[in-house]
Amino acid sequence: MARPIQISPSVLPADFSRLGEEVAALDEAGVDLIQWDVMDGRFVPNLTFGPDVIASARSYTTVPFEAHLMVLEPDQLAARYVEAGCSRLIVHAEACTHLHRTLDYINGLGARAAVALNPSTPAAEISHVLDLVDLVLVMTVNPGFGGQKYISTMEPKIAEVRSMIDRAGYADTVDLEVDGGISAATITGAASAGANVLIAGTALYKHPGGLKAAVDELRSLATAARPPAA
Ligand code: DX5
């Protein structure tokens, strides 16, 4: 059974002086979850949200939060992001000395664990941890900033990861997320390659029709692009 399409914003382009209202507006717009791009200035050359910032927005919506931890040694911070209200933590395979242990630890915190792969990282990196995750994120930009160009050469990797997940027996339980440069122009390629969770920042916030029109447009394009059921 194909995994359902989910549209999620990155809140990087939001007005940080009104984060609560911005999160409420995303809920109103019909997003399925909200992704917080957490950056430590070491794993990526940018610095963003601490756990207290996310906690301050938690009460403005019941939509699930996930933290995309673009940080070194995520084990040190994981518990704080769960306490802040994130029900899924995404760690980068490249940032973990012991990826299997980190994912197991996150599950032990009562959160859902997920793993992200940067553009140059082969899919094989995750072949021994699929039993520990409920989502794999294939980055379609190099992490650190919003507004970058979608890297279309990632589409074969998206298809490869989807096939790995399905062959390992997790077709009905593990999602495939893409993040970076997702827009009306690029979402068809990503969804037809096998992505079902689509993260968008710029495309949502810059849409002339507003957030809801953007979410609706991306959802219908992604749904139309899905590979036919096997
Ligand atoms: C990169 C960030 C961005 C962001 C989405 O580290 O993770 O990919 O979420 O940004 P847009 O949608 O503007 O490319």
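That block above? That's the structure.
Residues numbered from 1 in each chain as written. Predicted model: local features only at pLDDT ≥ 70, side-chain atom pairs only at ≥ 80, totals over all residues. Heavy atoms only, no water.

Participant: Looking at this structure, how should I read the packing of aromatic side chains?
Facilitator: For the structure on display, the rule yields 3 aromatic pairs. On the basis of an interplanar angle of 70 degrees and a centroid distance of 5.2 Å, the ring pair of Phe 16 and Phe 49 is categorised as edge-to-face. Taken together, the residues span a long stretch of sequence, with Phe 16 in the loop between strand E1 (6-9) and helix H1 (19-28) and Phe 49 in the loop between strand E2 (34-39) and helix H2 (51-58) at a distance of 33 residues. Of the aromatic side chains, those joined through ring pairs into one cluster are Phe 16, Trp 36, Phe 49 and Phe 65. A cation over a ring is seen here: Arg 58 above Phe 65, with NZ or CZ 3.7 Å from the ring centre. (Phe/Tyr/Trp six-rings, centres within 6.5 Å; stacked < 30°, edge-to-face > 60°. Helix = DSSP H or I, 4+ residues; strand = E, 2+ residues; numbered from the N terminus. Lys NZ or Arg CZ within 6 Å of the ring centre and 35° of its normal.)

Participant: Looking at this structure, how should I read helix H8 (residues 211-225)?
Facilitator: Because each turn of an α-helix spans 3.6 residues, side chains separated by three or four positions in sequence point in the same direction. With 15 residues, H8 extends 21 Å from end C-alpha to end C-alpha; this agrees with the ideal 21 Å at 1.5 Å per step. Taken together, the buried positions of H8 are Leu 211, Ala 214, Val 215, Leu 218, Ala 222 and Ala 225. One side of H8 carries all its buried residues, which in axial view fall inside an arc of 105 degrees. (Expected span 1.5 Å × (residues − 1). Buried < 20%, exposed > 50% of the residue type's maximum accessible area, 1.4 Å probe, protein only. Arc of directions from axis to C-beta.)

Participant: What am I meant to see in the site of the ligand here?
Facilitator: Taken together, the neighbourhood of the ligand is formed by 17 residues, with Asp 37, Gly 144, Asp 179, Gly 201 and Thr 202 sitting nearest. Separating an oxygen atom of the ligand from a side-chain N or O atom of Asp 37 is a distance of 2.7 Å. The separation between an oxygen atom of the ligand and a polar side-chain atom of Thr 202 is 2.4 Å. Taken by itself the ligand offers 370 Å² of open surface, and the protein chains cover 99% of this. Looking at the shell around the ligand, the elements with two or more residues in it are E2 and strand E3 (65-70). (Near = heavy atom within 4 Å. Polar contact = N/O pair within 3.5 Å; in protein donor to acceptor, adjacent residues only side chain to side chain. Areas by Shrake-Rupley, 256 points an atom, 1.4 Å probe, with all protein chains shown as cover.)

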